Amino acid sequence: MFESLQQYEAQMWESIGETFVMVGISIGAAVLLGLPLGTLLYFTRKGQLYENRGLSALLNAVVNVVRSFPFLLLVVALIPFTRFVVGTAIGTMAATVPLSIVAIAYYSRLVEQSLLEVPRGTIEAARAMGASKIALIFKFLYVEARSGLVLGLTASTISFISFSTVMGVVGGGGVGDFAIRYGYQRFETEVMVYAIIVMIVLVQLIQFTGSTVARLLDKR
Amino acid sequence: MLTLHGVSKSFALREGSYRAVQGVSLSVEAGSIHGIIGASGAGKSTLLRLMNLLERPDEGQVLLEGRTLTELPEQELRKERQKMGMIFQQFNLVSNATVSRNVAIPLELAGYPRKQRKERVQECLSFVGLEEKAGQYPARLSGGQRQRVAIARALANGPKLLLCDEPTSALDPVTTADILGVLQHINSELGVTVIIVTHEMDVVRSICSHVSVMEEGRIVDSFARRETGFLPPAGHTGSYREQITGRAGGAYV
């Protein structure tokens with residue numbers, strides 16, 4: 001067993017690196033764009049502070065369309081866009097484009113849900129104090145919802161890892177692609193098992209870290 | 001101090017619109033403790049929310065010390081709100097922030113000088129007797145202590161007016177008396193005008209100098225405390241006034 005592992009060690013590390021790049025960039029996109037999008041979804045909902053039916057319907061439609069694609073088809077459908085953004089449709093960087101788009105849609109929904117759990121009274125108190133929109137968001141909403149936001153990001157990250165495993169189709173690489181090419185297609189079952197174990201350990205670590213951080217942040 | 005001119009507010013419901021407040025005019029004297037009493041659903045809380053424009057009136061004007069709040073743009077309205085404190089039945093503290101942080105937030109919003117914030121927070125907390133809880137989170141405090149934190153938070157920017165929405169309705173009788181004492185202290189020591197919305201007769205009896213009675217979105221009775229206490233009405237009508245003045249049962253004023 002160990003012989004085959006030693007033989008592929010370099011490739012294994014490389015694929016872990018690729019997974020980190022793909023998932024890391026997706027997390028970045030989720031936070032930078034998914035968080036504001038989710039906040040906007042929340043604010044424009046019926047009965048919320050900046051209720052806006054048109055915008056709400058539009059944002060919901062976009063998020064739902066992205067999320068209803070079978071992921072593999074989304075990757076293929078986005079090839080022209082990917083080529084436009086990173087100059088090529090093949091490789092790890094190219095793979096981050098569809099992954100980031102799904103990440104934004106996915107996380108924005110979880111953000112919306114977390115924000116809905118903030119008591120209305122807290123928002124009312126903020127308004128009574130004369131808080132501006134920005135202050136309301138950063139000093140009240142995100143502070144009260146922070147453990148939910150972290151748990152949502154944790155769940156998203158684990159989904160991104162899962163999504164990243166099919167990135168072999170556009171040459172994205174990653175641990176999942178490694179397991180399929182070296183383990184499954186070359187009949188090296190040990191390599192496949194090894195790759196799966198790496199994935200399991202990775203997911204466990206992420207969930208443990210996320211849950212711990214969320215618990216420490218929650219003072220409610 | 002605060003004047004309402006014929007304010008009305010309706011809410012759209014599935015089965016038509018609901019008129020929560022109907023043409024209310026009210027003048028709150030500076031330095032008074034003004035109680036607004038009535039049954040639940042009478043529109044008291046909506047009326048209070050109209051005073052700092054958390055709800056915009058459909059018609060009518062709200063004036064604070066001669067400035068027409070209903071005509072101010074959003075940004076200036078925010079400045080005016082910083083001069084009014086507000087406390088709530090459910091306290092509405094930021095539960096993921098410490099006691100001192102909760103009190104510091106309104107100071108940050110008002111651009112209070114950074115260096116003096118800590119001192120001001122201390123000052124407000126000691127006024128409500130909670131200096132030693134500064135580093136705690138609200139979840140570790142009792143209801144009465146949480147309301148004290150909310151009061152300290154409302155006082156941070158030195159408001160002239162304090163709006164209280166059922167401030168003691170979630171508290172036991174002893175704690176209620178305690179919080180009412182704090183409110184009275186704020187009124188007498190700091191000269192803050194206090195408006196209290198409540199359904200509890202005892203609140204009005206114990207600290208209010210003026211009372212307005214609300215029924216179905218309208219103010220149906222208004223009266224003031226005299227040196228001898230609240231004057232009973234001429235006839236027996238079973239009204240709030242009678243209950244407050246003690247005729248219909250309660251023994252003290």
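Residues numbered from 1 in each chain as written. Chains lettered and ligands numbered in written order. Predicted model: local features only at pLDDT ≥ 70, side-chain atom pairs only at ≥ 80, totals over all residues. Heavy atoms only, no water.

K.L.:
I'd like a description of the overall build of chain A, backed by residues and values.
P.N.:
Within chain A, the regular secondary structure consists of 9 helices and 0 strands. When the helices and strands of chain A are placed in sequence order, the string is α-α-α-α-α-α-α-α-α. Along the first, second and third principal axes, the C-alpha atoms of chain A reach 70 × 40 × 25 Å. Residue burial in chain A is summarised as follows: out of 220 residues, 47% are buried. Within chain A, counting contacts between residues at least 6 apart in sequence, those at least 24 apart form 75% of the total. For chain A, the exposed area adds up to about 11000 Å²; of that, 67% sits on carbon and sulfur atoms. Charge separation in chain A, taken as the distance between the mean sites of 16 positive and 13 negative side-chain charges, equals 16 Å. (Helix = DSSP H or I, 4+ residues; strand = E, 2+ residues; numbered from the N terminus. Buried < 20%, exposed > 50% of the residue type's maximum accessible area, 1.4 Å probe, protein only. Contact = heavy atoms within 4.5 Å. Areas by Shrake-Rupley, 256 points an atom, 1.4 Å probe, with all protein chains shown as cover. Lys, Arg positive; Asp, Glu negative; His and termini not counted. Charge placed at Lys NZ, Arg CZ, Asp CG, Glu CD.)

K.L.:
Could you give an account of the overall build of chain B, with specific residues and numbers?
P.N.:
Scanning chain B from N- to C-terminus turns up 8 helices and 11 strands. A compact globule built from 253 residues would reach a C-alpha radius of gyration of about 18 Å, and chain B, at 18 Å, matches this within 12%. Going through the 253 residues of chain B one by one, you find that 53% of them count as buried. Put simply, 65% of the contacts in chain B that link residues at least 6 apart link residues at least 24 apart. When the accessible area of chain B is evaluated, it comes to approximately 11300 Å², of which 46% is carbon and sulfur surface. With 29 positive and 27 negative side-chain charges, chain B shows a spacing of 6 Å between the two charge centroids. (Rg over C-alpha atoms; globule rule 2.2 N^0.38 Å.)

K.L.:
Requested: an account of the interface of chain A and chain B, with residues and values cited.
P.N.:
Facing 20 residues of chain A, the contacting portion of chain B comprises 23 residues. Note on chain A versus chain B: buried area summed over both sides is about 1900 Å², and carbon and sulfur give 56% of it. Between chain A and chain B we count 2 salt bridges in total. Scanning the region where chain A abuts chain B turns up 10 residue pairs in polar contact (both at pLDDT 80 or more). Breaking the side of chain A that touches chain B down by element, the ones donating at least two residues are helix H6 (120-128) and helix H7 (133-164) of chain A. (Buried area = accessible area lost by both parts, 1.4 Å probe. Salt bridge = Lys/Arg side-chain N within 4 Å of Asp/Glu carboxyl O. Polar contact = N/O pair within 3.5 Å; in protein donor to acceptor, adjacent residues only side chain to side chain.)

K.L.:
Tell me about the sheet that holds strand S9 (residues 210-215) of chain B, and name the residues and values.
P.N.:
Hydrogen bonding along the main chain pairs the strands of a sheet, whether they run parallel or antiparallel. Residues and elements named next belong to chain B. Within the open sheet, the 7 strands sit side by side as S6-S7-S8-S3-S9-S10-S11. Their pairing is mixed. Lying at the two open borders of the sheet, with one neighbouring strand each, are strand S6 (84-87) and strand S11 (229-230). Examined bridge by bridge, strand S3 (residues 33-38) and S9 share 5 bridges and lie parallel to one another. Across the sheet, Ile-36 pairs through a bridge with Ser-212, a residue of S9. (Pairing = 2+ DSSP bridges.)

K.L.:
Before we move on, could you go through the pairing of strand S7 (residues 161-165) of chain B and cite the residues and values that matter?
P.N.:
Residue and element names in this part refer to chain B. Summarising burial for S7: 5 of the 5 residues are buried, a large majority. What you see with S7 is no split at all: Leu-161, Leu-163 and Asp-165 on one side and Leu-162 and Cys-164 on the other are buried throughout. Bridge count for S6 against S7 is 4 bridges, and the pairing is parallel. If you follow Gly-85 over to S7, its bridge partner there is Leu-162. Two elements, S7 and strand S8 (residues 193-198), share 5 bridges in a ladder whose sense is parallel. From the neighbouring strand, Leu-161 faces S8, where its bridge partner is Thr-193.

K.L.:
An account of the nonpolar core is needed here, citing residue identities and associated values.
P.N.:
Counting residues in hydrophobic clusters, the biggest one holds 72 residues, and the most contacted among them are Leu-141 of chain A together with Leu-47, Met-51 and Ile-195 of chain B. At 11 residues, H7 of chain A tops the list of elements feeding residues into this core. In this structure, Leu-141 of chain A is in contact with Tyr-42, Phe-43, Leu-115, Val-118, Ile-123 and Leu-136 of chain A, ignoring residues within four places of it in sequence. Grouped together as the second largest cluster of nonpolar side chains are 45 residues, Leu-107, Ala-150, Leu-171 and Val-194 of chain B included. (Core = buried A, V, L, I, M, F, W, Y, C linked by side-chain atoms within 4.5 Å.)

K.L.:
With reference to specific residues and values, describe unusual backbone geometry.
P.N.:
Residues and elements named next belong to chain B. If you check the backbone angles, Glu-65 has positive phi at about 45° while not being a glycine. Secondary-structure assignment places Glu-65 in the loop between strand S4 (59-64) and strand S5 (67-68). Positive phi values are uncommon outside glycine, yet Glu-166 reaches one of about 45°. With respect to the element layout, Glu-166 can be found in the loop between S7 and helix H6 (173-190). Residue classification places Glu-166 among the buried residues on the basis of a relative accessible area of 8%.

K.L.:
Hey, could you go over the sheet that holds strand S1 (residues 2-13) of chain B for me, with residue numbers and the actual values?
P.N.:
Residue and element names in this part refer to chain B. Strands sit in the order S2-S1-S4-S5 across an open sheet of 4 strands; the sheet is antiparallel. Of all strands in the sheet, those with a lone pairing partner are strand S2 (16-28) and S5, marking the two edges. With respect to the sheet, helix H1 (residues 44-51) is in contact with S1, S2 and S4, its orientation differing from that of S1 by roughly 120°. (Axes fitted to C-alpha atoms, helices over the stretch in contact; angles between N-to-C directions.)

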